[in-house]
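Here's the letter readout for the chains.
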Amino acid sequence: MADSSGEQAPDYRSILSISDEAARVRALNEHLSTRSYVQGYSLSQADVAVFRQLPAPPTDARLFHVARWFRHVQAILGGAPGSSDPRGLQASKGRRVQPPWSPPAGSEPCRLRLYNSLTRNKEVFIPQNGRRVTWYCCGPTVYDASHMGHARSYISFDILRRVLRDYFKYDVFYCMNITDIDDKIIRRARQHCLFQRYLERRPCAARLLEDVRAALKPFSVKLNETTDPDKRQMLERIQLAVQLAVAPLEEAVRSELASEDTDRRAQVVLAEAKDLLSDWLDATLGSGVTDNSIFSELPKFWEAEFHKDMAALNVLPPDVLTRVSEYVPEIVNFVQKIVDNGYGYAANGSVYFDTAKFASSEGHAYGKLVPEAVGDQKALQEGEGDLSVSADRLSEKRSPSDFALWKASKPGEPSWPCPWGKGRPGWHIECSAMAGTLLGASMDIHGGGFDLRFPHHDNELAQSEAYFENDCWVRYFLHTGHLTIAGCKMSKSLKNFITIKDALKQHSARQLRLAFLMHSWRDTLDYSSNTMESALQFEKFMNEFFLNVKDLLRAPGDPTGQFEKWEDEEAELNASFYDKKAAVHAALCDNVDTRTVLEEMRALVGQCNLYMAARKAARRRPNRALLESVALYLTHMLKIFGAIEEESSLGFPVGGPGTSLNLEATVMPYLQVLSDFREGVRKIAREKKVPEVLQLSDALRDDVLPELGVRLEDHEGLQTVVKLVDRQTLLKEREEKKRAEEDKRRKREEAARKKQEQEAAKLAKMRIPPSEMFLSESDKYSKFDENGLPTHDTEGKELSKGQAKKLKKLFEAQEKLHKEYLQMVQNGSPK
């Protein structure tokens, strides 16, 4: 506080002059906010005078400066404000006391915001039950191989799930379903079953041809009715392929060729006409398929393949997985309650949801996600399924917008008993019943692909809120963006359908994940060579940094050497490190913006690389502890994103999952000994001038060790760096280096050839005497003077002074060149 000189007295006098007590205390608080409460060890008389005007410290939290000042003065004086004993002031001069403490102002913490499809805005994420998060994700319909569209959704949700769980530390309960009862599955299972039976009958060539002709008739009708150009093109290709395959078999039958040749041609027809025959067989015989096991074998097989694909992509398994076939009783009960609540009605063994009744009920709304799509009959019929949009089924509905909760099974379809007769679940109801059973009346997050918003998710919301009689079944709806292939929609008709297994043959799971991380989870992602090249470059950039840091950490040193004095460069890099961490946190809070996170990580590594390069140029060792902290942080973030397996403590693992730590810890000491021995041999070879030994050392570095996944980096005047790198990466680098060297060699040879040609052309020009240089140009000139200079053009007209002057200059230049040539001849150099 102020000393006894009373320099603050004028301010205190103005405060004491205020008659209103409340106003006086506010003015004192304002004054005290601009100064320290303690200055030296004594109080001023002005402090005491103001203190005695207050009966007690203020209780208003906004006046905390006055309250703290009051308690401090009271402690020094040792008495109440009204005490007349001046000894408190005197006694304070001989006693030391703690000064008052003020907390820092701080800053508002960043809060996680997620893009909520229910509002189409980024909303602050607030779980309903503390740190616990309930999450339901729509799983696949398992009737075929998983493709990159599936990868787009499930890798993206895996990243979001890991970030919420491992970065924001939420307790996430993640539930996913498997749709194993569906129109597509039923049709595909019947087709597969009937085609296998057809093959087992081993039809003769003539019968096969007859059946293919019969199958082509409805196929041609389907082709003529198809309006989608891509799908039409695909059907035309199938038709053409079948026709081309049929012709040789028809010829074989007519010519009565040997059975072996005929059978070979028949196999070609069966392969090309498989889809066409399967459709025809299903249309004619499908209603006779009654064994329910047929409809479970196909989804069981493809579900197993899906789980294998997810494991290969390092996608975490769900905490609980539900299958529609296992929840049929719960689905029946769910439908029954919707009917009991007045939002469903039965018709001919099926049960439909009454969208008009629901939408007109208080507290309910239909089409929360995509209200503009309500009434879109094409989308609604796609949601009902191919087997459920017949005219009789459509006529059962009260409104075209109503949708099936339960479908009466037709012949050739699986069925389960229920109050309305034998039937099967509708598509939308499965998620509502399974999620409702496990997560209750309201979940925190529901996720799915962008194309599921309407009608699937809007219908889920309606029927679930009709069941629970609430309006908050889902709090946050997250939808991942589309995936395109080189700018086009992925489809079999465009021949750009890429399965996950095919993609993993081209790129690693980490590279695919990095490509997804470099894009917003809710935007369209274009899977193309450019996208993957960006991911490969990022992986390489990060991996080189990790390898360089590992090399630094392996360098020998005493325990105290790990703590080195920080210079300005270290302080600057550390400040940048914390800035980048703050930027990463802000990006993750902003709808889990991994694209910005990776940009910040790249920038941080770039700064570290500059720091290491500057230290290397100055022949000084970088600060290992600081770089290790950065590398560990980056490793931690990449682990959170699922781009680094758990086994790796720093950087990307070497040798595959489960082998990284053992491999690196085991082989690096031996490799370091080998590197040191090689460096010693190279030193002696240079001193003794033994190039053969140097060549062998280079061959070890360039040809032998890369085959084992080892890279040696020689640096002039510094110790050789040893790095464990993926073998295929090193072999690819070696091939790229060879190509680059070959390109350089070709360019050098081309430059030498051009130079030689130019010199030859120049020499040829130098040989020509100036008196002869224009004589061959009879198409331009008709007369010349005694020196060979043109005087007239081809028409006999005398050249102008300007033309003659220009030719004279050319003549003199050639004269100079020819003299140089004659001098060279005299010296014996040109030939």
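Located above this text is the structure these notes cover.
The shown structure was predicted, so the numbers you read here are calculated from the model rather than taken from an experiment.

Student: Looking at this structure, I do not really get the overall build of the chain. What am I missing?
Tutor: Along the chain, the regular secondary structure elements total 28 helices and 18 strands. Here the chain has a C-alpha radius of gyration of 42 Å; the compact-globule value for 831 residues is 28 Å, and the former is much larger. Taken along its principal axes, the extent of the C-alpha atoms in the chain is 125 × 105 × 75 Å. Counting over 831 residues, the chain shows a buried share of 45%.

Student: In this structure, what is going on with the packing of helix α2 (residues 21-32) against helix α4 (residues 64-77)? I would like to understand it.
Tutor: When two helices pack together, their arrangement is captured by the angle between the axes and the distance separating the axes. Two elements in contact, α2 and α4, have axes whose closest approach is 8 Å; the angle formed by their N-to-C orientations is 85 degrees. When the interaxial angle is binned, α2 and α4 end up roughly perpendicular. Residues V25, L28, N29 and L32 of α2 form the contact with α4, whose participating residues are F64, H65, V66 and W69. Class assignment for the residues of the contact of α2 with α4 results in six nonpolar, two polar and no charged.

Student: I tried to follow helix α20 (residues 509-517) on my own but got confused; where do I start?
Tutor: Each α-helix winds once per 3.6 residues, and so residues spaced three or four apart point in a common direction. Judged by how many residues are buried, α20 sits mostly within the fold: nine of nine residues are covered. Taken together, the buried positions of α20 are A509, R510, Q511, L512, R513, L514, A515, F516 and L517.

Student: Which parts of the structure should I look at to understand the nonpolar core?
Tutor: One recurring pattern in soluble globular proteins: nonpolar side chains tend to sit buried together. By size, the foremost hydrophobic cluster in this structure holds 116 residues, and its most contacted members are W135, M148, L277, Y527, F545, L634 and F641. Those residues in contact with F545 that sit more than four places away from it in its chain are V605, C608, N609, M612, L627, V630, A631 and L634. V332, F334, F358 and W420 belong to the second largest nonpolar core, which has 43 residues in total.

Student: I'm lost on helix α10 (residues 259-272) in this one. Help?
Tutor: Taking 1.5 Å of rise per residue, the 14 residues of α10 would be expected to cover 20 Å, and the 20 Å separating its terminal C-alpha atoms lies within 8% of that figure. Every buried residue of α10 is accounted for by T262, A266, V269 and L270. Looking straight down α10, one finds its buried side chains confined to an arc of 95 degrees; they lie on one side. In α10, the exposed positions angled more than 90 degrees off the buried face are occupied by E260, R264, Q267 and A271. Of the surrounding secondary structure, the elements contacted by the buried residues of α10 are α7 (183-200), α8 (205-225), α9 (229-255) and α11 (274-285).

Student: Please clarify how the packing of aromatic side chains should be interpreted in this entry.
Tutor: Given two aromatic rings, their pairing is described by the distance between the two centres and the angle made by the two planes. Overall, the coordinates contain 23 aromatic pairs when judged by the stated rule. When the ring of W135 is compared with that of Y174, the centres are 5.3 Å apart and the planes differ by 65 degrees; the resulting orientation is edge-to-face. Here the residue W135 occupies a position in strand β3 (residues 132-137), and Y174 occupies one in strand β4 (residues 171-178), the gap between them amounting to 39 residues. Accessibility expressed as a relative area gives 0% for W135, which makes it buried.

Student: Hey, could you run me through the side chain of R682 in this one?
Tutor: Inspection of the secondary structure assignment puts R682 in helix α25 (residues 660-688). Since its relative accessible area comes to 12%, R682 is described here as buried.

Student: Just to check I follow, could you spell out the environment of L63 for this structure?
Tutor: Tracing the sequence through the fold places L63 in the loop between α3 (45-51) and α4. In this structure, the C-alpha to C-alpha distance between L63 and E30, residues 33 residues apart in sequence, is 8.6 Å. Setting aside its immediate chain neighbours within four residues, L63 contacts V25, R26, N29 and P58.

Student: Explain unusual backbone geometry here, please?
Tutor: What you tend to see is this: most non-glycine residues have negative phi, and most peptide bonds are trans. The linkage connecting F454 with the following residue, P455, adopts the cis geometry, with an omega of 5 degrees. A positive phi angle is found at R202, which is not glycine, with a value near 45 degrees. If you trace the backbone, R202 turns up in the loop between α7 and α8. Judged by its relative accessible area of 69%, R202 is exposed.

Parameters and conventions
Residues numbered from 1 in each chain as written. Predicted model: local features only at pLDDT ≥ 70, side-chain atom pairs only at ≥ 80, totals over all residues. Heavy atoms only, no water. Helix = DSSP H or I, 4+ residues; strand = E, 2+ residues; numbered from the N terminus. Rg over C-alpha atoms; globule rule 2.2 N^0.38 Å. Buried < 20%, exposed > 50% of the residue type's maximum accessible area, 1.4 Å probe, protein only. Axes fitted to C-alpha atoms, helices over the stretch in contact; angles between N-to-C directions. Parallel < 35°, antiparallel > 145°, perpendicular 65-115°, else oblique. Contact = heavy atoms within 4.5 Å. Nonpolar A, V, L, I, M, F, W, Y, C, P; charged D, E, K, R; others polar. Core = buried A, V, L, I, M, F, W, Y, C linked by side-chain atoms within 4.5 Å. Expected span 1.5 Å × (residues − 1). Arc of directions from axis to C-beta. Phe/Tyr/Trp six-rings, centres within 6.5 Å; stacked < 30°, edge-to-face > 60°.

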